[in-house]
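Residues per chain, in single letters:
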Amino acid sequence: HLETADDILLKADRNMIKQVLRILCDNAVKYAPADPICAEIRGEGKNIILRVSNPVEEPLTKQQCEQLFNRFYRVDESRSKDKKSGFGIGLAIAAAIAEKHGGRISAAMEGNLLVFTCVLPKEAKF
């Protein structure tokens, strides 16, 4: 499910922002046990907000959400190697891209949804 505002204008590196969206959506598809996976792009003051959410089987703690952006981190390492491919660096790359543009990215639980929020200035300094 995708929600976007019509008047969104972001001055940023197009390929890097596409990579952030690709990482967040790929992560949601890879780890969501079911639909819906939702993506939202909206303006808020001087910022653009990108949100991607997906349901999870087991809620993550605040500490786990914060660690998701560490390179090679996996919530459940014993199961992830058997079920999921990847190296555990995608979210760290997304965070680095957001920071390079003067923004930030975070993860939090909202009920049974894992929500990634990327806040970028409309006129990013990159």
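Located above this text is the structure these notes cover.
To start, this report covers the structure provided alongside it. (Residues numbered from 1 in each chain as written. Predicted model: local features only at pLDDT ≥ 70, side-chain atom pairs only at ≥ 80, totals over all residues. Heavy atoms only, no water.)

**Points about the packing of aromatic side chains**
- The tally for this structure, following the rule as stated, stands at one aromatic pair.
- For the pair Phe69 and Phe116, a centre-to-centre distance of 6.0 Å together with 90° between the ring planes defines the contact as edge-to-face. Of this pair, Phe69 sits in the loop between helix H2 (62–67) and helix H3 (77–83) while Phe116 sits in strand E5 (residues 113–121), and the two are 47 residues apart along the sequence.
- In this structure Phe69 comes out as buried when scored by relative accessible area, which is 16%. (Phe/Tyr/Trp six-rings, centres within 6.5 Å; stacked < 30°, edge-to-face > 60°. Helix = DSSP H or I, 4+ residues; strand = E, 2+ residues; numbered from the N terminus. Buried < 20%, exposed > 50% of the residue type's maximum accessible area, 1.4 Å probe, protein only.)

**Concerning the pattern of salt bridges**
- Going through the model one piece at a time under the given rule, you end up with five salt bridges.
- For Arg51, the salt bridge goes to Glu40, with nearest N and O atoms at 3.6 Å. Of this pair, Arg51 sits in strand E3 (residues 47–55) while Glu40 sits in strand E2 (residues 38–44), and the two are eleven residues apart along the sequence.
- Residues Glu44 and Arg42 are paired through a salt bridge, measuring 3.0 Å at the closest nitrogen-oxygen approach. (Salt bridge = Lys/Arg side-chain N within 4 Å of Asp/Glu carboxyl O.)

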